[in-house]
Protein chains: 2
Amino acid sequence: MEERTISSQRPFEGKLISVRVDTVALSSGRTATREIVEHPGAVGILPWDGERLALVSQWRHATRATLLEIPAGTLEPGEAPRATAERELGEECALAAGHWEQGPSFFTAPGFCTERLTLFVATDLRADDVDAPEDEELELSWLSLADAVAAVEDGRIIDAKSVAGILWLAQRFAP
Amino acid sequence: MEERTISSQRPFEGKLISVRVDTVALSSGRTATREIVEHPGAVGILPWDGERLALVSQWRHATRATLLEIPAGTLEPGEAPRATAERELGEECALAAGHWEQGPSFFTAPGFCTERLTLFVATDLRADDVDAPEDEELELSWLSLADAVAAVEDGRIIDAKSVAGILWLAQRFAP
């Protein structure tokens, strides 16, 4: 099924994302255009204290709304996902974890974007006050897993990585 | 927490996506730059015959891989999500559904993209052979819900909407 790239342009290069426009040859011989957003990749964290999950509320300019999400962040150049997760848990939640476990890893929007996001479960939590970046304003809250699942069902949580992560954790704890 | 837009540019306008770069004022008084991918929105479909889920395998140029996903598609201008879902179920799976139920709706990548994706459960399925678009090449397969959940766990399914949709359906059917 592979599509072979015939020609490629990069009409936008930003600080976070770039856009590539490829002309590709399909296996049928036809050609098609693919608009691709290049993204460095990301992590999402499920900080679990044994009874509750730490979530953050944050204004998301793209959505024109404040969203309730699992803590998350973008990979710095050359940074391993686990290191990003440790950094973001400190910056967004002022927490450190004694135990880390990697969960599912998925493409957030494979139809047009290269972003792959890896989930981590962070347990054995302790306070770890670090300086947060000055362009992020967040509010921390703690939800039971049952309440987090209810928040997915009733539309309080409308962020894909959070929906996937919370339902995955619930699935693991299911009888 | 709202960020006020001070200035805005649109450095890329494509057929599927556009890029907007906004300078915003934070509530602290500082300014920041937000790179936003504008996307018309999408649907994902969980076609459920009572025992198995219909999935599609498709080359995803952005990921350089063939992914196993729930059927999905992008909203046409002015199209209601439910109509998109009916159209895509026909085009991608050659199926029509007698019953539709709306599921969770979420932003796929709220940190930088406006895309909101709505899930639908399609049941009472019947064959409905329609012409597929010529730039899409898909293979249909049917998985039990248990196998679909296992595919999320073992990394056969690495697409966010599919992970979220399958785990949501499994959660609904949980005892």
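First things first, this report covers the structure right here in the doc.

**Concerning the relation of the copies chain B and chain A**
- The two copies are related by a screw motion: chain B maps onto chain A through a turn of 180° and a shift of 0.0 Å along the axis, at an RMSD of 0.0 Å. Within this description, the copies of the chain are treated as partners about a two-fold rotation axis. When C-alpha positions in chain B are compared against the rotation axis, the closest is assigned to Ala164 of chain B, at 2.2 Å.
- When you check the interface residues of chain B against chain A, 100% turn up at the interface there too, and the contact is symmetric in its surfaces.

**Examining the nonpolar core**
- Judged by nonpolar contacts, the single largest core of 52 residues is most densely connected at Leu53, Ile157 and Ile166 of chain A together with Leu53, Ile157 and Ile166 of chain B.
- Discounting residues that sit within four places of it in the chain, Leu53 of chain B has contacts with Leu46, Pro47, Trp48, Ser141, Trp142, Leu143, Leu145, Ala148, Ile166 and Leu169 of chain B.
- Judged by nonpolar contacts, the second largest core, of 16 residues, contains Val21, Val37 and Phe112 of chain A together with Val21 of chain B.

**A few points about the sheet that holds strand 5 (residues 52-60) of chain A**
All names here are of chain A.
- Spatially, 6-5-10 is the arrangement adopted by the three strands of the open sheet, whose pairing is antiparallel. Two strands bound the open sheet, and with one partner strand each, they are strand 6 (65-69) and strand 10 (138-144). For this sheet, the mean angle separating the axes of adjacent strands, direction not counted, is 25°.
- Where strand 5 meets strand 6, five bridges bridge the pair, whose relative direction is antiparallel. For Trp59, the partnering residue across the bridge sits in strand 6 and is Thr66.
- The strands that helix 2 (residues 145-153) touches are strand 5 and strand 10; relative to strand 10, the one it contacts most, it runs at about 110°.

**Re the sheet that holds strand 2 (residues 18-25) of chain A**
Residue and element names in this part refer to chain A.
- Strand order in this open sheet of three strands is 1-2-3, and the pairing throughout is antiparallel. The sheet is open, and its two borders are formed by strand 1 (4-13) and strand 3 (31-38), each paired with just one other strand. Strand-to-strand twist of the sheet, defined as the mean angle between neighbouring strand axes without regard to direction, takes the value 20°.
- Bridge count for strand 1 against strand 2 is seven bridges, and the pairing is antiparallel. Residue pairing for strand 2: Arg4 is matched across the bridge by Ala25.

**Observations concerning the packing of aromatic side chains**
Residue and element names in this part refer to chain A.
- Overall, the coordinates contain four aromatic pairs over all chains when judged by the stated rule.
- Taken together, a centroid distance of 5.4 Å and an interplanar angle of 40° make the contact between Trp48 and Phe173 tilted. Here the residue Trp48 occupies a position in the loop between strand 4 (42-47) and strand 5, and Phe173 occupies one in helix 3 (residues 160-173), the gap between them amounting to 125 residues.
- For Trp48, a relative accessible area of 12% gives the class buried.

**Regarding the environment of Thr84 of chain B**
Residues and elements named next belong to chain B.
- Here Thr84 shows up in helix 1 (residues 81-93).
- On a C-alpha basis, the gap between Thr84 and Val43 in space is 6.9 Å, while along the polypeptide they are 41 residues apart.
- If we ignore the near neighbours within four places in the chain, the residues touching Thr84 are Val43, Gly73, Thr74, Leu75 and Glu79.

About the thresholds
- Residues numbered from 1 in each chain as written.
- Chains lettered and ligands numbered in written order.
- Predicted model: local features only at pLDDT ≥ 70, side-chain atom pairs only at ≥ 80, totals over all residues.
- Heavy atoms only, no water.
- Least-squares fit on C-alpha atoms with pLDDT ≥ 70 in both.
- Contact = heavy atoms within 4.5 Å.
- Core = buried A, V, L, I, M, F, W, Y, C linked by side-chain atoms within 4.5 Å.
- Buried < 20%, exposed > 50% of the residue type's maximum accessible area, 1.4 Å probe, protein only.
- Pairing = 2+ DSSP bridges.
- Helix = DSSP H or I, 4+ residues; strand = E, 2+ residues; numbered from the N terminus.
- Axes fitted to C-alpha atoms, helices over the stretch in contact; angles between N-to-C directions.
- Phe/Tyr/Trp six-rings, centres within 6.5 Å; stacked < 30°, edge-to-face > 60°.

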